[in-house]
Protein chains: 2
Amino acid sequence: MATPSLLLSRPDLDFLLYDWLDIGSLTTRARFAEHSRETFDAVLDVCAEIAGERFAPHNKRSDAEEPRFVDGRVELHPEIAPALQALAGTGLLGATADESAGGMALPHVVHAACSAWFAAANISTFAYAMLTTANANLLLAHGSEEQVRRWVQPMLEGRYHGTMCLSETQAGSSLADITTRAEPRDDGTFRITGTKMWISGGDHGLGENIVHLVLAKIPGGPPGVKGISLFVVPKYLVDDDGSRGERNDVVLAGLNHKMGYRGTTNTVLNFGEGAHTPGGEPGAVGYLVGAPHTGLAQMFHMMNEARVGVGAGAVALGYTGYLKSLDYARTRTQGRPPSSKDPAAAPSALIDHADIRRMLLAQKSYVEGGLALVLYCGRLVDDLRTATDGEERDRLALLLDVLTPIAKSWPSQWCLHANDLAIQIHGGYGYTREYDVEQHYRDNRLNPIHEGTHGIQAIDLLGRKTALRDGAGLRALESVLRRGVDTARRRGGEAADLAERLEQAVGRLVEVTTLVHAEPDPDVRLANASVHLEATGHVVVAWIWLEQFLAAGDAGDALRAGKRQAARYFFGYELPRVYPQFDLLARLDRTTLETDPAWF
Amino acid sequence: MATPSLLLSRPDLDFLLYDWLDIGSLTTRARFAEHSRETFDAVLDVCAEIAGERFAPHNKRSDAEEPRFVDGRVELHPEIAPALQALAGTGLLGATADESAGGMALPHVVHAACSAWFAAANISTFAYAMLTTANANLLLAHGSEEQVRRWVQPMLEGRYHGTMCLSETQAGSSLADITTRAEPRDDGTFRITGTKMWISGGDHGLGENIVHLVLAKIPGGPPGVKGISLFVVPKYLVDDDGSRGERNDVVLAGLNHKMGYRGTTNTVLNFGEGAHTPGGEPGAVGYLVGAPHTGLAQMFHMMNEARVGVGAGAVALGYTGYLKSLDYARTRTQGRPPSSKDPAAAPSALIDHADIRRMLLAQKSYVEGGLALVLYCGRLVDDLRTATDGEERDRLALLLDVLTPIAKSWPSQWCLHANDLAIQIHGGYGYTREYDVEQHYRDNRLNPIHEGTHGIQAIDLLGRKTALRDGAGLRALESVLRRGVDTARRRGGEAADLAERLEQAVGRLVEVTTLVHAEPDPDVRLANASVHLEATGHVVVAWIWLEQFLAAGDAGDALRAGKRQAARYFFGYELPRVYPQFDLLARLDRTTLETDPAWF
């Protein structure tokens with residue numbers, strides 16, 4: 001590509017993957033020994049190419065021409081299927097799976113970078129692939145050999161697609177309250193009855209079959225989340241030879257019409273309502289995954305991956321919006337800087353206005369910071385998977401656990417804000433559908449909601465992840481942040497100055513989190529969890545920027561100078577936001593608890 | 001209405017108008033002597049009723065079924081015209097105009113409250129009325145008697161509609177660069193040629209005629225904004241007897257398709273391109289308003305009114321979103337508070353979760369704070385209009401000048417954020433078009449852009465309004481804020497505590513603004529104007545909340561208890577944001593200026 005892509009920056013990806021995360025060193029590990037920088041680059045190249053040529057072109061069209069409910073099934077925009085076929089052809093659906101399972105044994109960090117291209121080009125079309133991969137990965141981890149053979153193989157080949165069926169109309173955030181039932185049959189199968197809500201990719205004609213992973217309760221089990229089991233419920237039953245059998249009783253009940261993310265059909269599904277009677281019996285046929293009543297833990301295997309994936313999607317939307325607003329700011333002229341007094345002088349490019357540069361620096365700091373964060377999490381997954389030392393594995397798992405709600409929420413908040421700034425730079429044009437940025441903003445607004453809202457992530461971080469094992473999670477995070485501080489301090493000069501500012505923030509984070517953990521009343525302890533999540537996210541991303549500042553070194557090229565400047569921006573404009581937030585947390589503010597609902 | 005409205009809160013309006021702003025006292029002034037609380041209430045009642053019954057019902061439909069370009073003209077959703085006729089029937093189009101001009105001589109503050117009902121119900125349909133009123137008010141102030149008779153009267157009767165034609169494709173924020181020309185003719189008329197962009201209400205079939213107010217340059221005038229003149233350019237010429245004459249050469253060139261605000265058609269208009277030749281001559285016929293080359297000053301008369309109007313619209317959208325999310329939070333159950341250990345316990349209402357209450361308090365503080373701010377500005381206009389003392393008039397004008405960019409931008413930012421929180425409270429449902437809040441969020445996103453972007457307002461506040469006459473504007477603002485501090489301090493108790501916190505913020509605002517004003521390099525001085533605007537806005541709204549705290553007194557009713565709690569929220573969660581912003585301003589941060597465009 002002669003002109004730089006407006007989806008992502010490959011030079012930035014290279015900087016993050018090779019200069020900062022040193023992923024070349026992964027190839028010395030047995031799992032990745034077949035790989036090299038050349039194979040990584042080759043897969044990145046092909047993903048960038050397919051994203052640009054097959055995904056981006058229909059992004060606007062599949063937004064304008066939504067999925068439709070026709071004759072009991074979903075009709076998708078016709079450009080979606082061929083794009084997904086092209087993606088399947090790259091092997092990306094099983095990128096990180098073992099080669100024995102039909103995968104490429106690609107590092108997660110490389111997969112994350114590849115995925116970002118597709119998400120930036122067309123997150124709605126890519127969602128079908130993401131869901132299928134997540135479904136397959138869950139079954140690879142928890143399914144039987146038979147289940148892997150029957151369901152996973154065709155998914156990795158792009159013939160079957162996958163969904164996740166968790167929510168119900170009355171139970172979104174609160175999975176404890178699901179009512180879908182699974183009745184055991186003598187042959188070891190189950191019959192599922194219930195209604196699932198918000199099912200992305202719940203119906204379509206993209207492939208031969210749809211593999212629903214469904215949370216349901218087996219009668220007689222414990223109440224709440226401890227009674228949840230996980231089932232494979234295919235749209236069509238599959239015979240032992242792999243040929244498609246009878247229609248299962250999974251029926252499309254309706255479509256949800258969303259503000260954005262419109263190309264991804266989002267459905268209400270009825271299970272076992274009687275439209276079909278497979279084998280002459282009522283109920284949708286379901287196959288238990290793993291042991292009964294362990295469904296939530298299994299789903300969280302997928303969910304943690306999906307949560308980082310949501311953050312990565314938010315980053316990708318933020319990133320492409322940033323590049324488009326940057327392109328606009330370079331080419332559009334308007335007004336003159338305050339120091340120009342001559343109305344007859346030629347107008348300036350937008351980028352010459354300080355406030356436009358502020359909005360570009362903010363976007364850059366959010367999207368490049370967010371990308372670095374999600375790639376770091378990908379690298380952690382790879383390190384975890386290849387760690388041989390038990391203690392090290394424990395440390396890595398803990399760190400990944402703590403970072404997951406941040407990697408989900410921080411980009412969902414700030415890369416959405418980046419899209420807001422991208423619109424603002426475009427002025428009135430950005431508010432029109434003739435430009436791309438309004439769609440990115442609409443698409444990105446989903447990310448603070450799905451896979452656990454901000455509020456849910458916040459309780460997860462403050463109430464569980466950082467508190468685990470008497471604060472071991474918090475200490476794992478602290479130790480990584482302090483290592484960054486120490487390295488920067490040794491570097492001296494400006495790096496040492498940034499280190500000092502980060503150290504102050506880390507100290508406050510640890511001090512305040514510890515203080516809040518010590519509060520005995522759980523309602524008070526968690527009352528300001530969202531404020532804690534926001535503040536912690538900003539401290540973590542400040543560390544990410546310090547890391548990038550260090551990785552950029554003193555080199556004079558524009559990319560590295562830009563990294564240093566974005567770090568300065570983040571430390572100057574963004575990091576100081578955390579202090580009023582920590583002050584609020586430190587005083588265990590009870591304003592929300594003390595508000596009588598009648599006062600609204 | 002038996003059930004409380006989900007558009008606005010009438011009890012809140014009554015509290016603000018009567019308890020806080022004491023608008024009853026206005027009726028002692030000659031201009032408003034015909035009015036009483038009864039007449040105010042009557043007009044508020046009828047506006048609330050028409051807004052609820054004629055505007056709200058088609059809000060979703062006119063969003064989904066956008067205006068269409070058919071045979072060279074715009075077709076609007078059919079429910080728009082009868083709604084506007086109902087509005088015209090209330091007399092609201094000329095509400096604040098003199099009775100001699102066909103108006104009601106209603107105080108601006110009451111008109112603002114009435115307008116908020118319509119904007120909350122359907123801002124897109126209301127926009128046609130707003131534009132017509134603004135157009136009429138400008139001509140009442142600057143037009144000749146003949147122009148008032150010919151154009152204003154039919155607008156106030158709802159027979160003609162008005163537009164404002166400022167922007168061009170190459171000139172949005174920078175009006176200095178407009179190229180539309182106005183050639184004088186011997187008969188005193190002008191012939192206009194050029195293309196105008198972003199013209200809301202630029203074409204439709206709502207009434208008999210459309211009165212465009214067009215900025216253009218008369219050849220030979222000074223360069224830049226000093227060479228801009230203002231013209232009336234009607235769609236149809238009008239004969240001396242008021243009957244509709246020949247078609248003028250104003251031609252619809254295209255429609256802009258927006259993310260939101262879709263019911264308001266937004267157009268590109270060609271003037272004098274030759275589609276029509278009124279009187280057999282080329283060019284659109286235009287009538288000069290006031291003196292040549294004074295067009296921008298006249299337009300700013302309208303613009304200042306329109307800017308507060310934009311803020312009021314943002315408030316209205318925020319307010320209705322708040323009430324809808326409050327209603328949802330009271331009725332929707334989900335999960336249990338952290339202190340509940342029993343999974344079999346009945347789920348809690350959303351409003352019982354601390355994080356939901358945080359999002360409700362935030363919205364309440366933004367929308368009630370914003371409403372109070374724009375009503376305060378309305379009251380200032382009334383005071384200004386009826387002031388008899390020159391010094392007092394000067395003080396009021398200065399204060400209104402300083403508050404205008406804040407009243408425009410603060411609600412545009414924070415009431416949009418309120419809509420974001422309203423979506424978040426609804427969870428996945430809020431992201432669908434089955435609920436209202438996603439539309440409010442899309443509609444509200446226009447407000448930080450039109451009538452001068454945030455960046456433009458920021459330069460206006462820091463570079464002009466607060467700096468005027470050696471800082472007289474800043475001192476005018478400071479004196480109002482300090483008066484609030486003094487009153488609260490005398491009240492003692494919690495009020496005195498809030499006063500102390502506000503005083504600290506006001507002190508910092510004045511100190512930092514003065515320091516920035518003293519910077520000699522205009523590029524440095526204005527580099528962080530947007531940060532200054534945000535911080536100043538929060539200090540002003542903190543004062544607004546202190547005022548409401550005081551007006552609420554110690555009364556035990558829920559409304560007043562809610563006011564006190566929202567004030568506590570704003571002082572606890574919101575006001576502290578300003579200190580890092582002031583620190584950044586105080587160090588005259590040059591990060592944006594020092595960023596080489598090549599570094600992005």
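This is a predicted model, so every value here is computed, not measured.

### What about helix H5 (residues 108-142) of chain A?
All names here are of chain A.
Then step 1. With 35 residues, H5 should reach 51 Å at 1.5 Å per residue; the first-to-last C-alpha distance of 19 Å falls well below that figure.
Then step 2. Within H5, the axis deviates most sharply at Asn 122, by approximately 130°.
Then step 3. Counting buried positions over the 35 residues of H5 gives 30, a clear majority of the element.

### Notes on the UniProt feature "domain: Acetyl-CoA dehydrogenase-like C-terminal" (unreviewed entry) in chain A
Then step 1. Per the UniProt record, the feature "domain: Acetyl-CoA dehydrogenase-like C-terminal" (unreviewed entry) sits at residues 494-595 of chain A.
Then step 2. Here residues 494-595 of chain A is 76% helix and 0% strand, with 46 Å between the C-alpha atoms at its ends.

### So, the pairing of strand E12 (residues 284-288) of chain A
Residues in a regular strand project their side chains so that they alternate between the two faces of the sheet.
All names here are of chain A.
Then step 1. Of all five residues making up E12, four are buried, and the element is well covered by its neighbours.
Then step 2. Of the strand pairs in this sheet, strand E7 (residues 228-234) and E12 are connected by two bridges, and their pairing is antiparallel. Looking across to E12, one finds that Val 232 is bridged to Tyr 287.

### Some points on the relation of the copies chain A and chain B
Then step 1. Superposition record for chain A on chain B: RMSD 0.0 Å, screw rotation 180°, translation along axis 0.0 Å. Expressed as a symmetry operation, the mapping of one chain copy onto the other fits a two-fold axis. Proximity to the rotation axis, assessed at the C-alpha, singles out Arg577(A) in chain A; its C-alpha lies 3.4 Å from the axis.
Then step 2. A share of 100% of interface residues in chain A that are also interface residues in chain B marks the association as one of identical surfaces.

### Section: the nonpolar core
Then step 1. Counting residues in hydrophobic clusters, the biggest one holds 342 residues, and the most contacted among them are Val539(A), Leu375(B) and Val539(B).
Then step 2. Aside from chain neighbours lying at most four places away, what touches Leu375(B) is Leu13(B), Leu16(B), Leu17(B), Leu21(B), Val109(B), Ala112(B) and Ala113(B).

### Some thoughts on the interface of chain A and chain B
Then step 1. Contact with chain A, which involves 91 residues of that partner, is made by 91 residues of chain B.
Then step 2. Overall, the association of chain A and chain B removes approximately 7700 Å² of surface from exposure, summing both partners, and the carbon and sulfur fraction of that is 58%.
Then step 3. Here chain A and chain B share six salt bridges between them.
Then step 4. The salt bridge partner of Arg336(B) is Asp177(A), with a shortest N-O separation of 2.6 Å.
Then step 5. Joining chain A to chain B, the criterion identifies 59 residue pairs in polar contact (both at pLDDT 80 or more).
Then step 6. Tallied by class, residues from the side of chain A that touches chain B come to 40 nonpolar, 28 polar and 23 charged.

### Regarding the side chain of Ser167(B)
Residue and element names in this part refer to chain B.
Then step 1. Secondary-structure assignment places Ser 167 in the loop between strand E3 (160-165) and strand E4 (181-184).
Then step 2. For Ser 167, a relative accessible area of 17% corresponds to the buried category.
Then step 3. Discounting chain neighbours no more than four positions away, the residues touching Ser 167 are Gly 172, Leu 175, Thr 195, Lys 196, Met 197 and Trp 198.

Parameters and conventions
- Residues numbered from 1 in each chain as written.
- Chains lettered and ligands numbered in written order.
- Predicted model: local features only at pLDDT ≥ 70, side-chain atom pairs only at ≥ 80, totals over all residues.
- Heavy atoms only, no water.
- Helix = DSSP H or I, 4+ residues; strand = E, 2+ residues; numbered from the N terminus.
- Expected span 1.5 Å × (residues − 1).
- Bend = angle between axes of the 7 residues up to and from the residue.
- Buried < 20%, exposed > 50% of the residue type's maximum accessible area, 1.4 Å probe, protein only.
- UniProt positions renumbered as here; feature names shortened; annotations may be inferred.
- Pairing = 2+ DSSP bridges.
- Least-squares fit on C-alpha atoms with pLDDT ≥ 70 in both.
- Contact = heavy atoms within 4.5 Å.
- Core = buried A, V, L, I, M, F, W, Y, C linked by side-chain atoms within 4.5 Å.
- Buried area = accessible area lost by both parts, 1.4 Å probe.
- Salt bridge = Lys/Arg side-chain N within 4 Å of Asp/Glu carboxyl O.
- Polar contact = N/O pair within 3.5 Å; in protein donor to acceptor, adjacent residues only side chain to side chain.
- Nonpolar A, V, L, I, M, F, W, Y, C, P; charged D, E, K, R; others polar.

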